[in-house]
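Residue strings, one per chain:
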Amino acid sequence: TVGPGGQAGSSSKIENFMGFPSGLSGSELANRGYLQALRFGAEFIAPITVQSIETDASGEHHLKLCTGQTARARCVLVASGVTYRQLDLPGAAQYESAGVYYAATSVEARVCQESTAVVVGGGNSAGQAAMFLANTARDVRLLIRGGDLGKSMSSYLKDRIENHPRIEVMTHTEVDSVRGDVGIEGVRIRNNQSAVTEEIACAGLFIFVGARPHTQWLPSSVLLDEKGFVLTGAAVGASDLWNLERSPCELETSVPGIMAAGDVRAGTTKRCGFAVGDGSLAIACVHRYLSGL
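All values reported here derive from a predicted model rather than from experimental measurement.

### Considerations on the sheet that holds strand β8 (residues 139-143)
Item 1. Read across the sheet, 5 strands follow the order β6-β13-β7-β8-β9 without closing on themselves; strand pairing throughout is parallel. One side of each edge strand has no neighbouring strand; the edge strands of this open sheet are β6 (100-101) and β9 (167-170).
Item 2. Pairing analysis gives 5 bridges linking strand β7 (residues 116-120) to β8, with the strands arranged parallel. The partner of Val119 across the bridge, within β8, is Leu142.
Item 3. Strands in contact with helix α3 (residues 124-133) are β7, β8, β9 and β13 (204-207); relative to β7, the strand with the most contacts, it is inclined by about 170°.

### Points about the nonpolar core
Note that soluble globular proteins tend to have their nonpolar side chains buried in a common cluster.
Item 1. Residues Val119, Leu133, Val140, Ile161, Ile167, Phe206 and Phe208 are the most contacted members of the largest nonpolar core, which totals 25 residues.
Item 2. Secondary-structure elements contributing two or more residues to this core are β7, α3, β8 and α4 (155-162).
Item 3. It is α3 that provides the largest number of residues to this core, a total of 5 residues.
Item 4. Among residues more than four places away in sequence, those in contact with Leu133 are Ala104, Ala109, Ala117, Val119, Val140 and Phe206.

### So, the packing of α3 against α4
Item 1. Remark: α3 packs on α4, axes separated minimally by 10 Å, with the N-to-C direction vectors making an angle of 40°. Relative to α4, the crossing made by α3 is left-handed. Listed contacts from α4 to Asn124, Gly127, Gln128 and Met131 of α3 are Tyr156, Leu157, Arg160 and Ile161.
Item 2. The residue inventory of the contact of α3 with α4, partitioned by class, reads 4 nonpolar, 3 polar and 1 charged.

Thresholds applied
- Residues numbered from 1 in each chain as written.
- Predicted model: local features only at pLDDT ≥ 70, side-chain atom pairs only at ≥ 80, totals over all residues.
- Heavy atoms only, no water.
- Pairing = 2+ DSSP bridges.
- Helix = DSSP H or I, 4+ residues; strand = E, 2+ residues; numbered from the N terminus.
- Contact = heavy atoms within 4.5 Å.
- Axes fitted to C-alpha atoms, helices over the stretch in contact; angles between N-to-C directions.
- Core = buried A, V, L, I, M, F, W, Y, C linked by side-chain atoms within 4.5 Å.
- Buried < 20%, exposed > 50% of the residue type's maximum accessible area, 1.4 Å probe, protein only.
- Left-handed = near helix turned anticlockwise from the far one by under 90°.
- Nonpolar A, V, L, I, M, F, W, Y, C, P; charged D, E, K, R; others polar.

All we've got here are geometric facts, nothing functional implied.
Next comes the structure, spelled out in structure tokens:
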């Protein structure tokens, strides 16, 4: 993960989380959660990564750490989240953090002051970035591959974007290439229906095009969907990998005692509220599993 809160921690503003009617930044929400967890006795060990999990005949899970140590547990909760996908564009890699960004905070916003910002993506993260950047940028171009902004974005955010005087939504549009010297100076965009191209002078290209789950370290016995997200609950119970008489818990994977919660789990909405709900449900699942041992 990239720090407390994972990808949510890099959001410029979260407005649909209960208890914060005026909204707050992702980093502020994540830091509050971190401090609250410490207050309740949670222990954070960083930077430590789990390299693999092995389960012995008794059902105990052995987690091999990057330090060479092994942690043992009867129950494991996987909440490893996701990483934003990158665009495969000529020249994009050399401008990363020098005009090509995968987050929109006050630092990146200053780069686009009185200039054009180009945002790629149709989800809430892209919409939040566009709204935030419009506070300082001269104008914002929001590029989506499809024709319906509301397909993957909350309706309240969609309405604000479509009515914002400094945000232009460009449908059926993709980025072909980026150009610049020390930093990015412009992008070439293409309409994927008409094939018409256009050059846009801009100071920043902000990319929010989906997520890749952090599941490559999990054993093959943990069932994943076609995109690499962890299958849980009923989806696992219907598979050939589940051979116990009892049904799996709602968040239980195909390996008994290994749970998954949050964005890494298949079928989630990739929203903060959903992830928090998953965390609460995970506690119930863990208690249920341990009480049945």
